[in-house]
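Chain residues, written in single-letter form:
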Amino acid sequence: MAKSRVQFICQNCGSVHQRWAGKCDACGEWNTLVEEGTSGGIGSGPANTRNTRKGRAVVLTSLSGDIEDAPRIVSGIGELDRATGGGFVRGSALLVGGDPGIGKSTLLTQAAAALASKGHRIVYVSGEEAVAQIRLRAQRLGVASTPVELAAETNVEDILATIADGKRPDLVILDSIQTLWTDLADSAPGTVTQVRAAAQAMIRYAKSTGAAIVLVGHVTKEGQIAGPRVVEHMVDGVLYFEGEGNHHFRILRTVKNRFGPTDEIGVFEMSDKGLREVSNPSELFLGERHAKSPGAAVFAGMEGTRPVLVEIQALVAPSSLGTPRRAVVGWDGARLSMVLAVLEAHCGVRFGQHDVYLNVAGGYRISEPAADLAVAAALVSSLTGLALPADCVYFGEISLSGAVRPVAHAQQRLKEAEKLGFGSAVLPLGSEEIAGGIGAGAFQPTELADLVARIAGSRRGRADDDE
Ligand code: TYD
Ligand code: MG
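Residues numbered from 1 in each chain as written. Chains lettered and ligands numbered in written order. Predicted model: local features only at pLDDT ≥ 70, side-chain atom pairs only at ≥ 80, totals over all residues. Heavy atoms only, no water.

Chemist: Honestly, the overall build of the chain in this entry has me stumped. Any pointers?
Modeler: Across its full length, the chain holds 13 helices and 22 strands. Counting every position in the chain, which comprises 467 residues, the buried fraction comes to 50%. In the chain, once contacts between residues fewer than 6 apart in sequence are set aside, the share between residues at least 24 apart is 66%. Accessible surface, the chain: about 21900 Å² in total, of which carbon and sulfur atoms supply 52%. (Helix = DSSP H or I, 4+ residues; strand = E, 2+ residues; numbered from the N terminus. Buried < 20%, exposed > 50% of the residue type's maximum accessible area, 1.4 Å probe, protein only. Contact = heavy atoms within 4.5 Å. Areas by Shrake-Rupley, 256 points an atom, 1.4 Å probe, with all protein chains shown as cover.)

Here you go:
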């Protein structure tokens, strides 16, 4: 017989502990264990049904068969459809995470309005705002007359009963998952148990009826979806809505997608009339450039199927500390250490006495290893005080041996650079077929040392264009 029905659940990672402790063994976070009842708890399954009935035989079926309706509902907001992989998938659950105030409700109100005016049945359930507040936002967005069905409700059973009325909705938006609670779990709303149970109920509804659901989730300062990180595993897709506080653009990033690519982004700009699509993001991220400043290099990157040019800024300054500082914004810190080590070991560039700061312009975040070459160029440029040619783009991966390795989509990256007025490029040798344009006269080093020599060589006179 179980002695106790009480367990402690980490609000950060969802692991279950029998005893309270200050620190969670599983994720190492402090003060995240909260006492929660076991019914509907994690790992226990629906305990109340477990003892009362035997298993029911389900009908096994084949892979082929009829699929009703078009599998996706397309909002017509291009940047949103791009991030979802071509529209919301019927019968699927999507989690949209982001900092409070970043614009999740705004985005979803706009999406709801766009879909509703196309004749889809859209239900928007808000647990955070009163109906009047949502109406106010809709007025501001100019979509108040669209037939979106609205409710301010937080109980899952009530929500399910409400939407069961009438025609099955095409899309149900739940804003936010942290406010939902179900009768099946007896913890407070926002706890892992509640969030998980509520999400489960809504996902079950989506799968059984074929309605698409969108769950909105808040993200903590550390960038994790607060509490319901467990929800990420349950849903079919996860989108993060990101942006820097003082920049007005926002990026919708696909983190998980069972029905499409995961490396797509949608780019928006927050205006006084809601979110506006930005279909050419490169112009946005290059907007703040100052020509002729040492330490800046333009990286020709790819986000999914789309090329994005972005400026990488490095500052290498003499350090007064025993252990010099390495600070990175918008890129991976471990990757920076690697590039620094390769520069030291294979190119004779010393950073041991210098602090290194690396920043990706405009609050953008890069995850591609293809940025290595641009980072290395920016670092060397800052250390030597020699500005890189302002009309040049860089891309390529650097291996630990100091070799420059080819990356995919060279042609597309170069085309985008050309379109934006760049006249030269530095890219790996052995990249895919490069037809004419700036690719023809590009500098293609096989070793990182070749690039370092070229930058250092530009000290004598201006950067030589041939070679
Ligand atoms: P909101 O969608 O409420 O954020 P979230 O749901 O992610 O918490 O967006 C709130 C912010 O967006 C708020 O700071 C005001 C701003 N905003 C605009 O700048 N223009 C607009 O048209 C709207 C509706 C909001
Ligand atoms: Mg909101």
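Next comes the rest of the account.
Chemist: What am I meant to see in the pattern of salt bridges here?
Modeler: Close approach of charged atoms lets side chains of opposite charge pair. As enumerated under the stated definition, the model contains 18 salt bridges in all. The shortest N-O distance in the salt bridge between R121 and E149 comes to 2.9 Å. Taken as a pair, R121 in the loop between helix 3 (104–116) and strand 7 (122–126) and E149 in strand 8 (residues 149–152) lie far apart in primary sequence, 28 residues in all. Residue E149 is classed as partly exposed on the basis of its relative accessible area of 34%. With a shortest N-O distance of 2.8 Å, E368 and R413 are connected by a salt bridge. One end of the pair, E368, is in the loop between strand 18 (354–360) and helix 10 (372–384); the other, R413, is in helix 11 (residues 410–419), with 45 residues separating them in the sequence. One exposure class covers both E368 and R413, and it is buried. Salt bridges linked by common partners bring R90, K167, R168 and D170 together as one network. (Salt bridge = Lys/Arg side-chain N within 4 Å of Asp/Glu carboxyl O.)

Chemist: Mind showing me how you'd approach the site of ligand 1 here?
Modeler: As a structural note, the neighbourhood of ligand 1 is formed by 16 residues, with G101, S105, T106, S271 and G274 the closest of them. Contacts to ligand 1 include G103, whose backbone N or O atom sits 3.0 Å from an oxygen atom. One nitrogen or oxygen atom from the main chain of S271 is found 2.7 Å from a nitrogen atom belonging to ligand 1. Within the complex, 74% of the 560 Å² of free accessible area of ligand 1 lies under protein. Of all the secondary-structure elements, those providing two or more residues to the shell around ligand 1 are helix 3, helix 4 (131–141) and strand 13 (265–271). (Near = heavy atom within 4 Å. Polar contact = N/O pair within 3.5 Å; in protein donor to acceptor, adjacent residues only side chain to side chain.)

Chemist: Any chance you could explain the pairing of strand 8 here in plain terms?
Modeler: Strand residues, when the strand is regular, have side chains that alternate between the two faces of the sheet. Sheet analysis places strand 7 next to strand 8, joined by four bridges and oriented parallel. Considered in strand 8, the bridge of V125 is made with A151. (Pairing = 2+ DSSP bridges.)

Chemist: Would you explain the sheet that holds strand 9 (residues 171–175) in this entry?
Modeler: Strand pairing in a sheet relies on backbone hydrogen bonds. The paired strands run either parallel or antiparallel. Strand order across the open sheet formed by nine strands is 8-7-9-10-6-11-12-13-14, with mixed pairing between neighbours. What marks the edges here is a single partner per strand, and that holds for strand 8 and strand 14 (274–277). Across the sheet, the mean angle from the axis of one strand to that of its neighbour is 25°, orientation sign disregarded. Where strand 6 (residues 93–98) meets strand 10 (residues 212–218), six bridges bridge the pair, whose relative direction is parallel. What sits directly across from V96, in strand 10, is V216. Relative to strand 7, helix 3 is tilted by about 155°, and along the sheet it contacts strand 6, strand 7, strand 9, strand 10, strand 11 (237–242), strand 12 (249–257), strand 13 and strand 14. Sitting on the sheet, helix 6 (residues 192–209) touches strand 6, strand 9 and strand 10, and the angle it makes with strand 10 is about 160°. (Axes fitted to C-alpha atoms, helices over the stretch in contact; angles between N-to-C directions.)

Chemist: What should I look at first to understand the nonpolar core in this one?
Modeler: Soluble globular proteins tend to pack their nonpolar side chains together in the buried interior. With 63 residues, the main nonpolar core has L343, L379 and L448 as its most contacted residues. Lining this core are residues from two domains, each supplying at least three of them: domain 2 (72–279) and domain 3 (283–465). Formed by 28 residues, the second largest nonpolar core is a distinct cluster that contains V156, I159, L174 and A201. (Core = buried A, V, L, I, M, F, W, Y, C linked by side-chain atoms within 4.5 Å. Domains from an automatic or database assignment.)

Honestly, it's all geometry; don't read function into it.
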